[in-house]
Amino acid sequence: MVILGVNVDHVATVRQARKTFEPDPVMAATLAILGGADGITVHLREDRRHIQDRDLKILREVVPCELNLEMAATEEMINIALAVKPDMVTLVPEKRQELTTEGGLNVIELKTHLREAIKKIKDQGIPVSLFINPDRASIECSKEIGADMVEIHTGYYSETKGHSQFKELERIKDAVAFSLSIGLKTNAGHGLNYYNVKPVAAIKGLRGLYIGHSIIARAILVGIARAVGEMKNLIKEACMNV
Ligand code: PXP
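Since the model is a prediction, treat every value here as computed from it, not as a measurement. (Residues numbered from 1 in each chain as written. Predicted model: local features only at pLDDT ≥ 70, side-chain atom pairs only at ≥ 80, totals over all residues. Heavy atoms only, no water.)

Visitor: Which parts of the structure should I look at to understand the overall build of the protein?
Guide: Scanning the protein from N- to C-terminus turns up 10 helices and 8 strands. Taken over the C-alpha trace, the protein has a radius of gyration of 19 Å; the compact-globule value for 242 residues is 18 Å, and the two agree within 12%. Seen through its C-alpha atoms, the protein measures out along the principal axes to roughly 70 × 45 × 35 Å. Taking all 242 residues of the protein together, the buried fraction comes to 45%. (Helix = DSSP H or I, 4+ residues; strand = E, 2+ residues; numbered from the N terminus. Rg over C-alpha atoms; globule rule 2.2 N^0.38 Å. Buried < 20%, exposed > 50% of the residue type's maximum accessible area, 1.4 Å probe, protein only.)

Shown next as structure tokens:
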């Protein structure tokens, strides 16, 4: 069965909006695991806009399943990965102004740099995945420069509808089949939600799906009535004693 890695970055985004202690992405991660997550993903960004170094360190201690560290292939991040030792590293492109990771890595252009980064991480026994667009040239190049895995970008599929979406799904299917045929473990992710996940999850041979936004968005909505009820009870209790 395809594994589910839950990305808890958005929990940290809410916390950082107030720079307070809640909601803690570490608590969210343990609850996600209790709910059936096979792994937890966090993206430690250069600007630390959501996940903090402290989160990653505690997650390493408390996550008993796959801890996937998403990061840019910079010297700072590589040093952090080597010190924390996540179960895997996913290298992603990173731009300061972007709302989320906007596209796959340009593996062909960054070949030399990525090859060195992959080697440094793999030399310490940490498997490396590359987040790439669903095209054969990127997949072939990922294999050539030593990646263990790829994560196929499903963002274009998620953003389209109807026939265009069907075409994007075919592109992803072809990319997965090609990637598997050259011996790469193959994952997929980005923009997947409760309405579009099934056709992707059904792709034969896929190892894992990495999903964040939609799960955290739903968690807010399914949890809001209970959260309000709990606050209301505290207020009622206080009023009874006046
Ligand atoms: N995979 C990668 C490489 C990502 O950068 C992200 C977003 O952080 C995801 C998966 C999850 O995407 P989403 O939040 O849209 O589910």
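Alright, that's what it looks like, and here's the rest.
Visitor: What is the right way to read unusual backbone geometry from this model?
Guide: Note the cis peptide between E22 and P23, where omega equals -5°. Relative to the assigned elements, P23 resides in the loop between α1 (9-18) and α2 (25-34). The phi angle at K19 is positive, at roughly 50°, despite the residue not being glycine. Position of K19 relative to the elements: it lies in the loop between α1 and α2. With relative accessibility at 68%, the residue K19 sits in the exposed group.

Visitor: Looking at this model, I keep getting lost on the UniProt feature "binding site: 1-deoxy-D-xylulose 5-phosphate" (unreviewed entry) in the protein. Mind explaining?
Guide: UniProt feature "binding site: 1-deoxy-D-xylulose 5-phosphate" (unreviewed entry): in the numbering of this structure it lies at D9, H10, R45, H50 and T100. The annotated residues named above include H10 as those lining the largest pocket. If you trace the backbone, H10 turns up in helix α1. Non-local contacts of H10, meaning those with residues more than four positions away in its chain, are made with H213 and I216. One can find R45 in the loop between β2 (39-43) and α3 (53-62). (UniProt positions renumbered as here; feature names shortened; annotations may be inferred. 1 Å grid on protein atoms, 1.4 Å probe; cavity = no way out; pocket = protein on both sides within 12 Å on 5 of 7 lines; lining within 4 Å. Contact = heavy atoms within 4.5 Å.)

Visitor: Just checking my understanding: could you explain the UniProt feature "site: Transition state stabilizer" (unreviewed entry) in the protein for this structure?
Guide: Mapped onto this numbering, the UniProt entry annotates "site: Transition state stabilizer" (unreviewed entry) at E151. You can see E151 is positioned in strand β6 (residues 149-153). Of the residues examined, E151 reaches a relative accessible area of 5% and is grouped as buried. Sequence-distant contacts of E151, that is, excluding residues within four places in its chain, are made with T90, S129, L130, F131, I132, N187, A188, G189 and Y210.

Visitor: It is not clear to me how the side chain of T90 should be interpreted in this structure. Could you clarify?
Guide: Within the secondary structure layout, T90 lies in strand β4 (residues 88-91). Discounting chain neighbours no more than four positions away, the residues touching T90 are N68, L69, E70, M71, S129, F131 and E151.

Visitor: Sorry, what's going on with the packing of aromatic side chains here?
Guide: Any two aromatic rings considered together are summarised by their centre-to-centre distance and by the angle between their planes. Throughout the structure, instances matching the rule amount to 0 aromatic pairs. In this arrangement the basic side chain of R218 is found over the ring face of Y194, its NZ or CZ atom lying 3.8 Å from the centre. (Phe/Tyr/Trp six-rings, centres within 6.5 Å; stacked < 30°, edge-to-face > 60°. Lys NZ or Arg CZ within 6 Å of the ring centre and 35° of its normal.)

Visitor: Can you help me understand the nonpolar core in this one?
Guide: Grouped burial of nonpolar side chains is what soluble globular proteins tend to show. Of all hydrophobic cores here, the largest spans 60 residues; its most connected members are I40, M71, L91, L130, I152 and V200. Setting aside anything within four residues of it in sequence, one finds I152 in contact with F131, I132, P134, I139, I172, A175, V176, T186, N187, A188 and G189. (Core = buried A, V, L, I, M, F, W, Y, C linked by side-chain atoms within 4.5 Å.)

Visitor: Where do I start with the packing of helix α6 (residues 136-144) against helix α8 (residues 162-181) in this structure?
Guide: When two helices pack together, their arrangement is given by the angle between the helix axes and by the axis-to-axis distance. Between α6 and α8, whose axes approach to 10 Å, the crossing angle comes to 25°. With respect to each other, α6 and α8 are oriented roughly parallel. Of the two elements, α6 crosses α8, and the hand of that crossing is right-handed. On α8, the residues touching R136, I139 and E140 of α6 are D174, A175, F178 and S179. (Axes fitted to C-alpha atoms, helices over the stretch in contact; angles between N-to-C directions. Parallel < 35°, antiparallel > 145°, perpendicular 65-115°, else oblique. Left-handed = near helix turned anticlockwise from the far one by under 90°.)

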